[in-house]
Amino acid sequence: MQTTQEAGAGEPGAGERRRRELLEAADRVVLRDGPKASMNAIAAEAGITKPILYRHFGDKAGLYQALAVRHTDALLDSLRAALDAPAERRSRVESTLDTYLAAIEARPQVYRFLMHPAEDSQSSERGFDVGLHSAPLLRRLGEELAQVVGERVDLGPGGEQLARIWGHGIVGMMHAAGDWWLGERPCARADLVAGLTDLLWGRLATAGNREDGPGF
């Protein structure tokens, strides 16, 4: 265990590499403990002391933000791939919704860590407000989806504003429906995807592609 100065700290890129290793250790703890993951457990998993973990991330909020960026980046890459796949529009909508639901189904503990507070957090971490940090994550997803819609679909006058309304509305729908589904499992994932696609399909089915965009 390295308690004072981490080996290789002065090497080019060593700091970024070490940060990535710590995030991977945090991921392992989150996969095991979900919202109950603590800084003490993450430090132990990484083989360091908690002060060294604080040096890299500041506090649990800093670690949460780093994990949120890591997982949101990966999710956005998957969603973009689904949106850009060579398929009929409705199929791509279904694939995009399924990609999101498959991601939270595959790593439910990570999802719960990012979206739900632990009721029995250690006293030193009770001031951590998950909602304060998860809201920006959802807003980022909403803005990203709004950009995709705005670039591809001809929404006519006021299209930029409508694209943002759609982007944030779709993310809110996916989040609320996915949270309910993950907790209760009332139906198959395919049934949820089909139902949500039906809900979205209205104007999206009739809107044309933008002439200067990549199409949707």
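Residues numbered from 1 in each chain as written. Predicted model: local features only at pLDDT ≥ 70, side-chain atom pairs only at ≥ 80, totals over all residues. Heavy atoms only, no water.

Asks: Is there a simple way to explain the overall build of the protein in this structure?
Replies: Each helix and strand in the protein was counted, giving 9 helices and 0 strands. Looking at the protein alone, contacts between residues at least 24 apart form 70% of all its contacts between residues at least 6 apart. Total accessible area on the protein is roughly 11200 Å²; 51% of this is exposed by carbon and sulfur atoms. (Helix = DSSP H or I, 4+ residues; strand = E, 2+ residues; numbered from the N terminus. Contact = heavy atoms within 4.5 Å. Areas by Shrake-Rupley, 256 points an atom, 1.4 Å probe, with all protein chains shown as cover.)

Asks: Looking at this model, I keep getting lost on empty space enclosed by the protein. Mind explaining?
Replies: Summary: where empty space remains is shown by rolling a probe the size of a single water molecule over the atoms. Summed over all chains, the structure comprises 2 cavities of 30 Å³ or more. Of the pockets and cavities examined, the largest cavity occupies roughly 140 Å³. Lining the largest cavity we find 13 residues, and of these Leu83, Val93, Leu145, Ile170 and Phe216 sit closest to its centre. Of all the secondary structure elements, the ones that give two or more residues to the lining of the largest cavity are helix H5 (89-106), helix H7 (130-152), helix H8 (159-184) and helix H9 (189-206). Along the lines of polarity and charge, the residues of the lining of the largest cavity split into 12 nonpolar, 1 polar and no charged. Here the second largest cavity defines a volume of roughly 120 Å³. Around the second largest cavity sit Leu76, Leu79, Arg80, Leu83, Thr96, Leu141, Glu144, Leu145, Val148, Val171 and Met174, which together line it. (1 Å grid on protein atoms, 1.4 Å probe; cavity = no way out; pocket = protein on both sides within 12 Å on 5 of 7 lines; lining within 4 Å. Points joined across faces, edges and corners; volume = space filled by probe spheres on them. Nonpolar A, V, L, I, M, F, W, Y, C, P; charged D, E, K, R; others polar.)

Asks: Would you take a moment to explain the nonpolar core for this structure?
Replies: Within soluble globular proteins, side chains that are nonpolar generally end up buried alongside one another. Counting residues in hydrophobic clusters, the biggest one holds 59 residues, and the most contacted among them are Leu53, Leu63, Tyr100, Leu114 and Leu137. Take this core: its biggest share by element is 10 residues, from H8. (Core = buried A, V, L, I, M, F, W, Y, C linked by side-chain atoms within 4.5 Å. Buried < 20%, exposed > 50% of the residue type's maximum accessible area, 1.4 Å probe, protein only.)

Asks: What's the story with unusual backbone geometry in this structure? I'm lost.
Replies: Even without a glycine there, the phi angle at Arg185 is positive, about 45°. Its place among the elements puts Arg185 in the loop between H8 and H9.

Asks: I tried to follow the side chain of Arg18 on my own but got confused; where do I start?
Replies: Its location among the elements puts Arg18 in helix H1 (residues 14-33). A relative accessible area of 18% means that Arg18 is categorised as buried. Here the side chain of Arg18 touches Glu21 through a polar contact of 3.1 Å, side chain to side chain. (Polar contact = N/O pair within 3.5 Å; in protein donor to acceptor, adjacent residues only side chain to side chain.)

Asks: Looking at this structure, I do not really get the layout of surface pockets. What am I missing?
Replies: As a volume, the largest pocket reaches approximately 330 Å³. For the largest pocket, the lining is made up of 17 residues, of which His71, Leu75, Ala103, Ile104 and Leu114 are closest to its centre. Sorting the residues of the lining of the largest pocket by element identifies helix H4 (60-83), H5, helix H6 (108-115) and H7 as the ones contributing at least two each. When residues in the lining of the largest pocket are grouped by element, the largest group, 5 residues, is from H4. The class makeup of the residues in the lining of the largest pocket is 12 nonpolar, 4 polar and 1 charged.

Asks: Would you take a moment to explain the confidence of the model for the protein for this structure?
Replies: It should be kept in mind that the predicted coordinates are not to be read in detail where pLDDT is low. Across the protein, the average pLDDT comes to 84, with 86% of residues at 70 or higher. Counting contacts from residues 1-5, a segment whose pLDDT is below 50, to residues more than four positions away or on other chains yields 13 contacts. (pLDDT = per-residue confidence, 0-100.)

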